[in-house]
Amino acid sequence: MSAPAVAQTPGWQFSPLPGEGDRAAMGCDRDSTAAEFACVVVRCEDDYSTGLHLFSNRTPNALGTWKLTLDREDRTIEVIPDIAPYSGRVATETDWLLDGLKQGSYIYLRHSTDENAPFRFISLAGSFAAIHEALYWCAPRVSPTEQNAETGVETTNELGEKP
């Protein structure tokens, strides 16, 4: 799976993948290149829920268990297949991880079977703003038939007359 080179830029920004627009914030590791990268993605899903995804060049894929250290707290997360344009969706520890992505300082992560590979370092500087901007519009839209009916309050002009 390949993506535009800008998708692997270190740091936090909107996801540049096709069709994603401003619905997802992506944070990539500090050594990211077009060929080698690991990114964490916070995305507004089609049902308006918040989804966490992993985007990586890992072969054969990024699915499975990942070891993660977020601000000195070690956890494991499970990445499962998903229809979003990323490597997989994070299925475990999502509340803890989302809070940590917004409020933390750094993440180290590595696939659990890559024991000799170095951990990837992702700085969380700028993550709070990027995530909140991406999720700002992540709320169900209300159709006109579901909007509140008129309140019954009559408006008047400055002289107390009906317009």
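Above this text is the structure in question.
No experiment lies behind these values; they were computed from the predicted model shown.

(A) Region of the structure containing the state of the cysteines. The final tally for this structure, using the stated rule, is 1 disulfide. One disulfide in the model links Cys28 with Cys39; its S-S distance is 2.0 Å. What sets the handedness of the Cys28 and Cys39 disulfide is the S-S torsion sign, and at about 100 degrees it is right-handed. Of the two residues, Cys28 sits in strand β2 (residues 24–28) while Cys39 sits in strand β3 (residues 38–44), which places them 11 residues apart along the sequence. Overall, Cys28 belongs to the buried group, its relative accessible area being 2%.

(B) Quick peek at the nonpolar core. Trp12, Leu97, Leu101, Ile107 and Ile131 are the most contacted members of the largest nonpolar core, which has 27 residues in total. Of all elements in the fold, only β3, β4 (50–56), β5 (64–70), β6 (73–80), α1 (94–103), β8 (106–111) and α2 (127–135) reach the threshold of two or more residues within this core. Counting 10 residues, the second largest nonpolar core, distinct from the first, contains Phe37, Val41, Phe55 and Tyr86.

(C) The arrangement of the packing of aromatic side chains in detail. For the coordinates displayed, the defined rule picks out 5 aromatic pairs. Taking 5.8 Å as the distance between ring centres and 80 degrees as the angle between the ring planes, the aromatic pair formed by Phe55 and Tyr86 counts as edge-to-face. On the criterion of sequence distance, the pair formed by Phe55 in strand β4 and Tyr86 in the loop between β6 and β7 (88–90) is long-range, its members being 31 residues apart. For the pair Phe55 and Tyr86, one class covers both residues: buried. Consider the rings of Tyr106 and Tyr108, whose centres lie 5.5 Å apart with planes at 70 degrees: the pair is edge-to-face.

(D) Structural view of empty space enclosed by the protein. Per the counting criterion, the structure on display carries 1 cavity of 30 Å³ or more. In this structure, the largest cavity encloses a volume near 40 Å³. Considered class by class, the residues forming the lining of the largest cavity number 7 nonpolar, 1 polar and no charged.

(E) The environment of Trp12, seen in detail. Inspection of the secondary structure puts Trp12 in strand β1 (residues 11–14). Taking relative accessible area as the criterion, Trp12 reaches 13% and is therefore assigned buried. In sequence terms Trp12 and Met26 are 14 residues apart; their C-alpha atoms lie 5.5 Å from each other. In terms of polar contacts, Trp12 uses its side chain to reach the backbone carbonyl oxygen of Ser123, at 2.9 Å.

(F) Seen up close, the pattern of salt bridges. Across all of its chains, the model carries 9 salt bridges by this definition. Across the pair Glu36 and Arg120 runs a salt bridge, and its minimum N-O distance is 3.1 Å. On the criterion of sequence distance, the pair formed by Glu36 in the loop between β2 and β3 and Arg120 in strand β9 (residues 120–123) is long-range, its members being 84 residues apart. When its relative accessible area of 43% is taken as the criterion, Glu36 is described as partly exposed. The salt bridge involving Arg75 is made with Glu73; its shortest N-O contact spans 2.6 Å. Arg75 sits in the partly exposed class, given a relative accessible area of 24%. Judged by its relative accessible area of 34%, Glu73 falls in the partly exposed class. Via salt bridges that share partners, Glu20, Arg43 and Glu45 belong to a single interconnected network.

(G) Main features of the layout of surface pockets. Reported here for the largest pocket is a volume of approximately 170 Å³. Every residue lining the largest pocket is counted, 14 residues in all, and those nearest its centre are Arg58, Asp114, Ala117, Pro118 and Arg120. Per element, the largest residue contribution to the lining of the largest pocket is 3 residues, and it comes from β8. Of the residues contributing to the lining of the largest pocket, the split by class is 6 nonpolar, 3 polar and 5 charged.

Definitions and limits used
Residues numbered from 1 in each chain as written. Predicted model: local features only at pLDDT ≥ 70, side-chain atom pairs only at ≥ 80, totals over all residues. Heavy atoms only, no water. Disulfide = S-S within 2.5 Å. Helix = DSSP H or I, 4+ residues; strand = E, 2+ residues; numbered from the N terminus. Buried < 20%, exposed > 50% of the residue type's maximum accessible area, 1.4 Å probe, protein only. Core = buried A, V, L, I, M, F, W, Y, C linked by side-chain atoms within 4.5 Å. Phe/Tyr/Trp six-rings, centres within 6.5 Å; stacked < 30°, edge-to-face > 60°. 1 Å grid on protein atoms, 1.4 Å probe; cavity = no way out; pocket = protein on both sides within 12 Å on 5 of 7 lines; lining within 4 Å. Points joined across faces, edges and corners; volume = space filled by probe spheres on them. Nonpolar A, V, L, I, M, F, W, Y, C, P; charged D, E, K, R; others polar. Polar contact = N/O pair within 3.5 Å; in protein donor to acceptor, adjacent residues only side chain to side chain. Salt bridge = Lys/Arg side-chain N within 4 Å of Asp/Glu carboxyl O.

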